[in-house]
Amino acid sequence: MRRRRATGLLLVTSSPSSRIRPDVGSTSRFTMRSVVDLPQPDGPTRASTSCSRTERLSPSTATVPLPNSLRTVSSSITVREAMCSNLPGDGHDRFYGMPGNPWFSWSYVVDNAPLIWQRTVEHAGLTIEAVAISAAIAIPLGALVSRSRWLAGPVLGTAAVMYTVPSLALFAILAPLLGIGRTPVLVGLVVYALLIILRNTVAGLSTVDPAVTDAARGLGYGPGRLLVQVAMPSALPSIIAGLRLATVSTVALVTVGVVVGYGGLGQLMFQGFRNNFYRAEIMTATLATIALALVLDLALWAVGRLLTPWLRGRAA
Amino acid sequence: MSAPTGVLQEAIVWLNDPLTWTEPGGILELAGEHLVMTAIAVAVAAAVAIPTGAWLGHSGRGAGTVVWLTNASRALPTLGIILLLAAGGLFGNTATVIAAAFFAVPVLLVNTYEGVRGADPDAKDAARGMGMSDGRILLQVELPLATTLVSAGLRVTIVQVVATIPLAALAGGGGLGQIIALGMGTQRYGEVLAGGIVVAGLCLAIDGVLAIGQRLTTPAPLRVRAG
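Just so it is clear, the structure is predicted and the values come from calculations on it, not from any experiment.

Cut-off values and rules
- Residues numbered from 1 in each chain as written.
- Chains lettered and ligands numbered in written order.
- Predicted model: local features only at pLDDT ≥ 70, side-chain atom pairs only at ≥ 80, totals over all residues.
- Heavy atoms only, no water.
- Helix = DSSP H or I, 4+ residues; strand = E, 2+ residues; numbered from the N terminus.
- Buried < 20%, exposed > 50% of the residue type's maximum accessible area, 1.4 Å probe, protein only.
- Contact = heavy atoms within 4.5 Å.
- Buried area = accessible area lost by both parts, 1.4 Å probe.
- Polar contact = N/O pair within 3.5 Å; in protein donor to acceptor, adjacent residues only side chain to side chain.
- UniProt positions renumbered as here; feature names shortened; annotations may be inferred.
- Core = buried A, V, L, I, M, F, W, Y, C linked by side-chain atoms within 4.5 Å.
- pLDDT = per-residue confidence, 0-100.
- Salt bridge = Lys/Arg side-chain N within 4 Å of Asp/Glu carboxyl O.

With that settled, the discussion passes to the overall build of chain B. When helices and strands are counted, chain B shows twelve helices and zero strands. Counting helices and strands in the order they occur from the N terminus, chain B gives α-α-α-α-α-α-α-α-α-α-α-α. Here chain B holds 227 residues, and the buried ones make up 52% of them. Pairs at least 24 apart in sequence give 75% of the contacts found in chain B among residues at least 6 apart.

Right under this line is the structure:
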């Protein structure tokens, strides 16, 4: 049990009366245990009662209040209201027709398609931007590090230390300094992707055949041209592998950004968690995250294949 | 929102208050809870992954499965799994321990597998020639040779679990993540920053201790290869 330090007040909210409290700053996470037994949003008996109920419930279920919880809750209310107001005169059939499975609900996906799509686009955009920025930093840095051995230890060591810091902690450290929202998540993601890409770049460059480098030097290649035209193509498969790994783990990491209010699909997961354990919402968001990771991974694999035509004949 | 310097000052003041550390539900108690959860999760993961990995590595079967599992586990969002378990009725600490163990298994499995698989074939041949049974070869030859990789895997696993458990706070669980979640909820960003620093510090400290432990437990002849 967590005691509030400032007041010394013991916050035990076991009775449902806590519903009407303002949702920012005064709820503890115990509130949500007190609302477990309330009806599922997707299994109402009547459309009219279900809408008003969901509306009434939403604020109280925002139990781990985030700075933007007001916004998220109100937006979820609007979605539900829109859902209700769009109903034809006799909308009961639609609600009766909902599947009984609380985990997989296609009607949830259909009804919330615009929101899911918006979150997915946010998620993908953040991932691509983060990986692109880290690649822009890590690949040149990797090339530099592999040229001067004395730099390798400190640079890789620093990156490894940053990588050890848990994502939640990093977001928590960055958020107060950079402001709530997209920026701290982006910076955190760049830091994590950095190590993966850096390590793979260095590993790739270290496997370049010395005979090939010698031959190129013998042909009169300068260091810059050697790097760009000889070493980089040899290291490309390893770099692509690093990019794929970084992308997949970044997609999974974005969801943690919910703690600072910008988590893409994680936002949906958490919203579902607060909305009285709306399982379909959590499950849909989780599956969408996995699917997004697979799609981006496949895209990078295809790009890798296009960029390394000389490897195509060999077994992967 | 206050200026960054103000937040930093708040964090320093908060961290310097002895009560913050020693009160019930303070940092020390939460850290203890955190470590207990870590220990359970790692123990569960090790009990599953090390025997499985050793057996698979010994028999040489399932290489594709192991690799696939490791890659697939990277794409799974930890937060989603924790929230799903919570929504399924498993609350707080239990859900987190299960999720953390779940994500720890692939790392340990792949390291044990590679360690046992990569044991010197000459040593295995010699052991077989001396009349050792499969079980003895595994326990007395392959596993000792795999120590380096298994202990490296354990270190990564433990650090990863320590890093995963703070997410529990979002699903109503315990551990040090609570400081961050509560600070966010009450908009006291100084506490958020301080919580982040405490969690990061714990992770780095544990990684450092384990690095030393890893060196001590690795038999001297194997150290060169590890370097």
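Once that is clear, we can look at the interface of chain B and chain A. In this complex, chain B contributes 51 residues to the contact, which on the side of chain A involves 49 residues. Summed over both sides, the interface of chain B with chain A buries roughly 4500 Å², with 73% coming from carbon and sulfur. Between chain B and chain A we count zero residue pairs in polar contact (both at pLDDT 80 or more) in total. Among the secondary structure elements, those contributing two or more residues to the side of chain B that touches chain A are α1 (4–16), α2 (18–22), α4 (63–75), α5 (78–87), α9 (147–164), α10 (177–185) and α11 (189–217) of chain B. Per element, the largest residue contribution to the side of chain B that touches chain A is ten residues, and it comes from α11(B).

Right, let's get into the UniProt feature "transmembrane region" (unreviewed entry) in chain B. According to UniProt, the "transmembrane region" (unreviewed entry) feature falls on residues 35–56, 68–91, 164–185 and 192–213 of chain B. Between the C-alpha atoms that bound residues 192–213 of chain B there is a distance of 31 Å. The span itself is 100% helix and 0% strand.

Bringing the nonpolar core into the picture now. Nonpolar side chains in soluble globular proteins tend to be buried together. Among the nonpolar cores identified, the biggest contains 96 residues, and Leu189(A), Val259(A), Phe273(A), Leu83(B) and Leu176(B) are the most heavily contacted of them. Filtering out sequence-adjacent residues up to four positions away, Leu83(B) remains in contact with Met269(A), Phe270(A), Phe273(A), Ile282(A) and Ala171(B). Counting 17 residues, the second-largest nonpolar core is a separate cluster that includes Val131(A), Ala152(A), Ala193(A) and Ile197(A).

This paragraph deals with the confidence of the model for chain A. Residues and elements named next belong to chain A. Summing up the model confidence of chain A, the mean pLDDT is 73 and the portion of residues at 70 or higher is 67%. Here helix α1 (residues 31–34) stands out as the least confident element of chain A, with mean pLDDT 40; helix α6 (residues 113–147) is the most confident, with 92. In the model, residues 1–40 has pLDDT below 50 throughout and makes 88 contacts with residues more than four positions away in sequence or in other chains. This stretch, residues 43–99, has a pLDDT under 50; its non-local contacts, to residues over four places away or in other chains, come to 87 contacts.

Here we come to the environment of Ile12(B). Residue and element names in this part refer to chain B. Locating Ile12 in the fold gives a position in helix α1. Classification of Ile12 by relative accessible area gives partly exposed; the value is 45%. Along the backbone, Ile12 and Ala194 are 182 residues apart, and their C-alpha atoms lie at a distance of 7.3 Å.

Residue and element names in this part refer to chain A. For the structure on display, the rule yields eight salt bridges over all chains. The shortest N-O distance in the salt bridge between Glu129 and Arg182 comes to 3.0 Å. Pair noted here: Glu129 is in helix α6 and Arg182 is in helix α9 (residues 182–206), with a separation of 53 residues, a long-range link. For Glu129, a relative accessible area of 33% gives the class partly exposed. Judged by its relative accessible area of 29%, Arg182 is partly exposed. Taking the shortest distance from any N to any O, the salt bridge between Arg244 and Asp297 comes out at 2.9 Å. Here Asp297 lies in helix α13 (residues 279–307) and Arg244 lies in helix α11 (residues 223–254), a separation of 53 residues in the sequence. Residue classification places Asp297 among the buried residues on the basis of a relative accessible area of 17%.

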